[in-house]
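Okay, here's what each chain looks like letter by letter:
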Amino acid sequence: MEKMEQYEREHFDTLRELAPECAVLLKRRGDFPLEAPGKIALYGSGGRRTVKGGTGSGDVNSRFYITCEQGLRDAGFTVTTQKWLDGYDAVMNAAHISFIAGIKERAKREHKSPFILGMGAVMTEPEYDLPLEGEGDTAVYVLARNSGEGNDRTLSAGDYMLTGTEIRDILAANERYEHFMLVLNVGGPVDLTPVLKVDNILLLSQLGVVTGTVLADILLGRAQPSGKLATTWAAAEELPKLGDFGGDDETRYKEGIYVGYRYYESAGVKPVFPFGYGLGYTDFSYGAARLELEGHRVQVTVPVFNSGAFPGKETVQVYVSVPWGKLDQPVKTLAGYSKTGTLLPGEAQGVKVCFDMAELAAFDEEKSAYVLEKGRYTVFVGRSSDDTAAAGAVELTGDVTLREVEHVGGKPDFEDWRPEHRKTAELPERAKVLKLDPGAFSDIRFPECAKPSEKALETAGRLSDEELILMCCGRFSGSLGIDGIIGSASLSVAGAAGETCGSIKGIRGLVMADGPAGLRLAKRYYIDKRGVPQSVDSTLPAGFEELMNGASKMLIDLTRKKPTEEIRYQFCTAIPIGTAIAQSWNTELARSVGVIVGEEMERFGVDLWLAPALNIHRSPLCGRNFEYYSEDPLISGRTAAAVTLGVQSRPGRGVTIKHFCCNNQETNRYCSNSILSERALRETYIRGFGICIAEANPAAVMTSYNLLNGTHTSEREDLSAVVLRREWGWRGLIMTDWVMSVVGDNQKYPVALSAPTIAAGNIFMPGSRSDWRAALKELKRGALPREKAVRCASQVIDLVDTLG
Ligand code: BGC
């Protein structure tokens, strides 16, 4: 293994211990774990070319990571398929050349930038014919997929679907080897229908630096996979077709609140693997659940017993069937979950899952209020959304209007889909029904509207117009160049994504670095004569340079830093992707992962991490889903909160939860318009952000690129001033995503603009001279009210003060 510094070693070891909990055993025959390492035939796209995490701004420049091949060798296996792996390398190298040529050709044809077309473009798996000759009675086929920022996945073979080659080879290896495991090194679902015959399937996921090590640990039973799916895995033809996905200009979320399992259950469609599903090496049996009510808080206690032959952990999930009154409701909604500690065979633990009935409130658009309708709330205990047993019910004896709020988000031009009729599970006759009086909710208090401090308002108020707008934009040194576009616009820390304006009236800049799969910085840098850190290596994502035309390539070469000074290093740890962390269903684990990031931020002088990312997995085809947690807002919000608490446990470090909101596709990500109802917005797309804010008080929020019902989210005062400040009482820093004005040409909608963004109380990132000039002009002619700019700038001053 590579030489590492002490902190890297410690972070590697911590992740090695934690990450098996993120892996999900989807099928199991009982012939794994293996007794000892021996000969192993390793096949598949991820065998040697293992994916540690997707591409784009979330791709962490770690010193190294352990591939599956390496992990197996390190664990003492003899890999018998050197020839196959070399052959596959040759196939991929050739395919890559034609892939790049294809993007360049398309760019020419469509008069588009190859750079933008290539960003996150997925090279689908090629077909090939390599004999499966590896020796031994054990084989592993690692199927990998990659995706990222700028492009969505497709329903084609080699992406969501398996290729003919993959199906043929997986089925052949399954026949040929006595012990065979299909391992999925993917960031999101693939359609496994053609290979469901395989008896051992492990969703390893993409686990950052420890990916291959954890695979070997799991195969050998040195670690137990105990993850459960945080997103439904469905066959391609079962994917919902109610709303649009991937439209260039407009995307209508016609499915409303019926996303993921809420859709599958309500529409009566059985997915391949349901939400919440996952096996371990061992089995668990559940005793009778006990339901208690204290005020409006419900506690479910379930005895869980390890009835199998291996140690393991189990996640108990609690779902509630909310009564369908005036408002339609999905069959079930996740209300809470809790994971056991490691239980040895024969061991038992009483698991408690608590939730507040208030969290089940629905949004009534007519009343513009969160409401609980009277009726029976049936409580289910489940191993997955599809495998539940009713544990009892809470009978709410009258309607409750929990909170009246202002309308936000605008209106769609359609009515949301709703199921034809309600499906419910029967409550067993002797099940307990607890009565809840609406008066019980009278003790609920909501936060006060958050305001900037008087001191910050005063300081911002004393700034000149020029300084004020500088404070409201990210720090720039010239026009926004290539570095800004690909998220390394910081002038203080090499490879960091950007920073707020530094040192006006003694107020320092805040340095921001990307995530979410760790801290994205340049690995090597030096300090130039002016004292500015310069990256030695290109900070372009892999494959990008090949997409550039002659002129821009020359420019990059000319500006490529020639180190004249001592080289310094910033090796950061690639942690598991967001989806994998959510699959652990373990908030303590998520917190520990956050601590790793927080420690590295301290070490390298980064104030704000541009993560966690918690957009909803609305469609499995969103190219950035791997960065996000789940299709369910509760697990998304809780996981984000736990990661936030971990990062922010380090003094002076803050997170930036993103992308607020409805950034659920990558196609035309800068200018696509997400059209949805206020109910869907509130119950599905912003709920997780609200949970994270209430539980963990993140330092910052990043708005999304897209529009929401016709207006860019970054320009929507209803999201910033109303939802974030007034409803949620949150006082942190609001910033935009990294806006690139160059992509706005020839679009139905223009990109977000600096003046209306600042007016909405949002710092314009990464900042450029032209954005600054544009806002200044609006300020001078009175179109951008000075008090709004002062408010916007004051949030930077307040955060500098908080972080110290
Ligand atoms: C991404 C953000 C990222 C930012 C800075 C944008 O393109 O959408 O998630 O934080 O770049 O790199």
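Owing to the predicted nature of the structure, the values given are computational and were not obtained by experimental measurement.

(A) How the structure looks around unusual backbone geometry. Looking along the chain, the bond that leaves Phe32 and enters Pro33 is cis, with omega of 5 degrees. For Pro33, the position within the fold is in the loop between β1 (24–27) and β2 (39–43). Geometrically, the link from Ala611 to Pro612 is a cis peptide bond, its omega value of 0 degrees lying close to zero. If you check the backbone angles, Lys505 has positive phi at about 50 degrees while not being a glycine. Within the element layout of this structure, Lys505 appears in the loop between β20 (498–499) and β21 (511–514). The phi torsion at Asn697 lies on the positive side, around 45 degrees, for a residue other than glycine. For Asn697, the location among the structural elements is in the loop between α17 (687–696) and β28 (700–703).

(B) Representation of the site of the ligand within the structure. Near the ligand you find 14 residues, and of these Glu149, Asp514, Arg624, His659 and Asp737 are the closest. For the ligand, an oxygen atom lies 2.8 Å from a polar atom in the side chain of Lys658. Between the ligand and the protein, one listed contact pairs an oxygen atom with a side-chain N or O atom of Tyr705 at 2.9 Å. For the ligand, whose accessible area on its own is 310 Å², the fraction buried by protein is 100%. Split by residue class, the shell around the ligand holds five nonpolar, three polar and six charged.

(C) Fine view of the pairing of strand β16 (residues 375–384). Along β16, eight of the ten residues are buried, which leaves the element largely enclosed by surrounding structure. Counted along the chain from β16 to the antiparallel partner strand β17 (residues 387–396), the turn is two residues long.

(D) Representation of the pairing of strand β22 (residues 524–527). In this sheet, strand β24 (residues 568–569) lies alongside β22 in antiparallel orientation, the contact comprising two bridges. Each residue of the ladder has a partner; that of Tyr525, found in β24, is Arg568. Alignment of β22 against strand β23 (residues 533–535), held across three bridges, turns out to be antiparallel. Across the sheet, the residue bridging to Tyr526 is Gln534, located in β23. Counted along the chain from β22 to the antiparallel partner β23, the turn is five residues long, and its residue Gly531 has a positive phi close to 85 degrees.

(E) Looking closely at the packing of aromatic side chains. In the structure shown here, the tally under the stated rule is 23 aromatic pairs. With 5.4 Å between their ring centres and 70 degrees between their planes, Tyr88 and Tyr128 make a pair best called edge-to-face. A residue pair is termed long-range when its members are at least 10 positions apart, and Tyr88 in helix α4 (residues 82–110) and Tyr128 in the loop between α5 (114–118) and β4 (138–144) qualify at 40 residues. Residue class for Tyr88 comes out buried when judged on its relative accessible area of 2%. For Tyr128, a relative accessible area of 9% puts it in the buried group. Over the face of the ring belonging to Phe380 we find Lys332, whose NZ or CZ atom lies 5.8 Å from the ring centre.

(F) Expanded view of the packing of helix α15 (residues 633–648) against α17. It is the contact of α15 with α17, at a shortest axis distance of 8 Å, that shows an interaxial angle of 35 degrees. Helix-helix and strand crossings are classified by hand; for α15 and α17 the assignment is right-handed. Contacts between α15 and α17 involve Pro633, Leu634, Gly637, Arg638, Ala640, Ala641, Thr644, Leu645 and Gln648 on the former and, on the latter, Arg687, Gly688, Ile691, Cys692, Glu695 and Ala696.

(G) Representation of the sheet that holds β1. Taken in spatial order, the six strands of this open sheet run β1-β6-β5-β4-β2-β3, and their pairing is mixed. A single partner strand is all that each edge strand has here, and the edge strands are β1 and β3 (78–79). Sheet topology note: the β4/strand β5 (residues 179–185) ladder contains seven bridges and is parallel. When the sheet's bridge partners are listed, Thr138 is paired in β5 with His179. Contacts from helix α6 (residues 164–176) reach β4 and β5 within the one sheet, and its direction differs from that of β4 by about 160 degrees. Contacting β2, β4, β5 and β6 (201–203), helix α7 (residues 211–219) runs over the sheet at an angle of about 150 degrees to β5.

(H) Highlighting the nonpolar core. Ranked by internal contacts, the top residues of the largest apolar core, which has 141 residues, are Leu26, Leu182, Leu184, Leu192, Trp233, Trp609 and Phe660. Those residues in contact with Leu182, other than ones at most four positions away along the chain, are Tyr141, Leu143, Ile170, Leu192, Val195, Val198, Asn200, Ile201 and Leu202. Counting 51 residues, the second largest nonpolar core, distinct from the first, contains Phe476, Leu610, Tyr705 and Leu803.

(I) Examining the pattern of salt bridges more closely. This model, assessed by the stated rule, comprises 59 salt bridges. Glu314 is paired through a salt bridge with Lys228; the nearest N and O atoms lie 3.3 Å apart. Remark: Lys228 occurs in the loop between α7 and β7 (250–252) and Glu314 occurs in the loop between β10 (297–306) and β11 (315–321); sequence separation between them is 86 residues. A relative accessible area of 5% means that Glu314 is categorised as buried. Under the relative-accessibility criterion, Lys228 is labelled buried at 2%. Of the charged contacts in the structure, one is a salt bridge between Glu250 and Lys748, with a shortest N-O distance of 3.1 Å. Here the residue Glu250 occupies a position in strand β7, and Lys748 occupies one in the loop between β31 (733–735) and α19 (754–759), the gap between them amounting to 498 residues. If you follow the salt bridges from partner to partner, you end up with Arg48, Arg49, Glu69, Arg73, Asp86 and Asp89 in one network.

(J) Main features of the sheet that holds β11. As summarised here, the arrangement of the five strands in space is β12-β11-β16-β17-β19, forming an open sheet in which the pairing is mixed. Edge positions in the open sheet fall to β12 (333–339) and β19 (433–436), since each of these has one partner strand only. Geometrically, the sheet is characterised by an average inter-axis angle of 25 degrees between neighbouring strands, direction not taken into account. Pairing analysis gives five bridges linking β11 to β16, with the strands arranged antiparallel. Across the sheet, residue Ser321 finds its bridge partner in β16, namely Thr378.

Rules used throughout
- Residues numbered from 1 in each chain as written.
- Predicted model: local features only at pLDDT ≥ 70, side-chain atom pairs only at ≥ 80, totals over all residues.
- Heavy atoms only, no water.
- Helix = DSSP H or I, 4+ residues; strand = E, 2+ residues; numbered from the N terminus.
- Near = heavy atom within 4 Å.
- Polar contact = N/O pair within 3.5 Å; in protein donor to acceptor, adjacent residues only side chain to side chain.
- Areas by Shrake-Rupley, 256 points an atom, 1.4 Å probe, with all protein chains shown as cover.
- Nonpolar A, V, L, I, M, F, W, Y, C, P; charged D, E, K, R; others polar.
- Buried < 20%, exposed > 50% of the residue type's maximum accessible area, 1.4 Å probe, protein only.
- Pairing = 2+ DSSP bridges.
- Phe/Tyr/Trp six-rings, centres within 6.5 Å; stacked < 30°, edge-to-face > 60°.
- Lys NZ or Arg CZ within 6 Å of the ring centre and 35° of its normal.
- Axes fitted to C-alpha atoms, helices over the stretch in contact; angles between N-to-C directions.
- Left-handed = near helix turned anticlockwise from the far one by under 90°.
- Contact = heavy atoms within 4.5 Å.
- Core = buried A, V, L, I, M, F, W, Y, C linked by side-chain atoms within 4.5 Å.
- Salt bridge = Lys/Arg side-chain N within 4 Å of Asp/Glu carboxyl O.

Nothing here speaks to function; it is geometry throughout.
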